[in-house]
Amino acid sequence: LLLCTFCTAAQPACWGAKPLARVQTEKMSYQPLALASPGLGYVPFGASSPLAASPLGASPAKKAGSSRRPLRPHNPPASLRWRSKKPAPRVARPADDQREASNQRLLRELRDDAAEQYEPSRHERLLRSIWERQRFGGEFRSVSPCWVTLGFQCEDPARDLRGCGALGLRQLLFFVERGGSAEVLAAAKFSHAPFPLAAASLSVTLALCSHLQLLPDGASSQPLCAAPTLRCFLRLAAELRPEAPLLDLLHAELLRSLGELWAEMQTAGLTLMHFPEALRHTHAHMAESLAGAAVPWQLSDVLQRLRGLGRDAADAVEHGAMADLCSGGVLSWIGL
């Protein structure tokens with residue numbers, strides 16, 4: 001007990017006879033030892049130091065030639081500060097660049113095909129093949145009433161081909177060669193108004209080429225597809241070429257769907273003047289089906305979506321919604 005009392009009374013002498021308040025001030029203005037005495041690196045307890053002689057909160061004088069920066073105000077850690085999370089830039093890989101270059105080449109080829117105009121000297125053989133497939137009989141004639149029975153607007157099919165050119169004639173031949181015309185043109189399906197196969201085929205060709213950005217800007221009023229839809233189309237088209245041209249397959253399924261829709265619209269008073277309404281319904285269905293297909297495109301899924309127009313039209317007829325399609329005025333049934 002006496003020893004503790006002695007140590008307490010002698011406390012100022014043991015600490016260099018400094019007041020207790022000054023000692024507490026030194027503890028509050030603590031700085032790392034390396035800054036207080038760089039030469040020593042360690043300051044014994046109770047020894048004088050440059051920090052002890054400096055006023056409260058003051059920094060020790062810098063040495064000449066020192067490159068140490070002054071202490072900055074306290075900032076919170078990076079983990080506590082809010083930062084906008086920007087997506088990391090996409091690093092292009094050689095495989096992606098090669099695929100993109102291949103898609104661009106394919107897009108240029110398809111655009112060249114869509115821009116090719118009909119020339120009798122080069123493309124009349126396609127008309128001859130259609131004549132033989134349809135079994136019109138007799139010798140081939142480029143101008144004949146038989147072309148009107150197939151769905152052309154006049155006896156000279158070259159006039160109808162001025163819009164979609166040689167591509168429209170090739171896709172019509174693709175459809176006829178695979179038996180599509182025999183299925184669509186069944187007389188029992190169209191009791192009130194016949195199905196204009198040729199005009200419908202050329203209209204579907206124009207709609208597909210316009211929607212998939214294969215026509216020049218301003219060539220059609222149809223809405224263009226989005227960039228992801230175009231990439232999916234080009235990727236699947238590159239995988240199927242040259243065994244199965246994707247554009248021809250899409251055209252064939254959409255044309256069959258249009259035929260089924262026209263068959264569902266067979267009611268009293270239906271004429272070919274109502275056909276533009278069916279075309280507009282088909283174009284809207286095409287855009288919705290291609291935009292809603294799962295990515296990446298699978299051929300069976302895309303074709304089934306396009307073929308679904310006939311079933312949707314049957315449901316619309318049951319609910320009375322098809323009446324709007326049969327109330328249009330006199331319009332050109334080949335226009336878009």
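Reading the values: the criteria
- Residues numbered from 1 in each chain as written.
- Predicted model: local features only at pLDDT ≥ 70, side-chain atom pairs only at ≥ 80, totals over all residues.
- Heavy atoms only, no water.
- Salt bridge = Lys/Arg side-chain N within 4 Å of Asp/Glu carboxyl O.
- Buried < 20%, exposed > 50% of the residue type's maximum accessible area, 1.4 Å probe, protein only.
- Helix = DSSP H or I, 4+ residues; strand = E, 2+ residues; numbered from the N terminus.
- Phe/Tyr/Trp six-rings, centres within 6.5 Å; stacked < 30°, edge-to-face > 60°.
- Lys NZ or Arg CZ within 6 Å of the ring centre and 35° of its normal.

Undergrad: Just to check I follow, could you spell out the pattern of salt bridges for this structure?
TA: Charged atoms that come close allow side chains of opposite charge to pair. Following the criterion strictly, the structure yields 13 salt bridges and no others. As a salt-bridge pair, Arg122 and Glu119 come within 3.9 Å of each other at their nearest N and O atoms. In this structure Arg122 comes out as partly exposed when scored by relative accessible area, which is 45%. Here Asp301 ties to Arg305 by a salt bridge, and the two come within 3.6 Å at their closest N and O atoms. Of the two residues, Asp301 and Arg305 both sit in helix α16 (residues 299-307), four residues apart, roughly one turn of that helix.

Undergrad: Explanation requested: unusual backbone geometry in the structure shown.
TA: Keep in mind that most residues, glycine aside, have a negative phi and that most peptide bonds are trans. Cis geometry is adopted by the peptide bond preceding Pro242, which originates at Arg241 and carries an omega value of -5 degrees. Relative to the elements of secondary structure, Pro242 occurs in the loop between α13 (227-240) and α14 (246-264). A cis amide bond links Val295 to the next residue, Pro296, at an omega of -5 degrees. Relative to the assigned elements, Pro296 resides in the loop between α15 (275-292) and α16.

Undergrad: Explain the packing of aromatic side chains here, please?
TA: Within a pair of aromatic rings, the relevant descriptors are the distance that separates the centres and the angle that separates the planes. Inspection of the entire model under this criterion finds nine aromatic pairs. Note on Trp131 and Phe136: the rings are 5.3 Å apart at their centroids and 80 degrees apart in plane angle, and the pair reads as edge-to-face. Judged by its relative accessible area of 4%, Trp131 is buried. A centroid spacing of 5.8 Å and a plane angle of 85 degrees characterise the contact between Phe136 and Trp147, whose relative ring orientation is edge-to-face. Linking Phe136 in the loop between α7 (120-134) and α8 (146-150) with Trp147 in helix α8, this pair joins segments that are 11 residues apart in sequence. On the basis of relative accessibility, which here comes to 0%, the residue Trp147 falls in the buried class. An aromatic cluster of three or more residues is present, and its members are Trp131, Phe136, Phe140, Trp147 and Phe152. When the ring centre of Phe174 is taken as origin, the NZ or CZ atom of Arg178, which lies over that ring, is 3.6 Å away.

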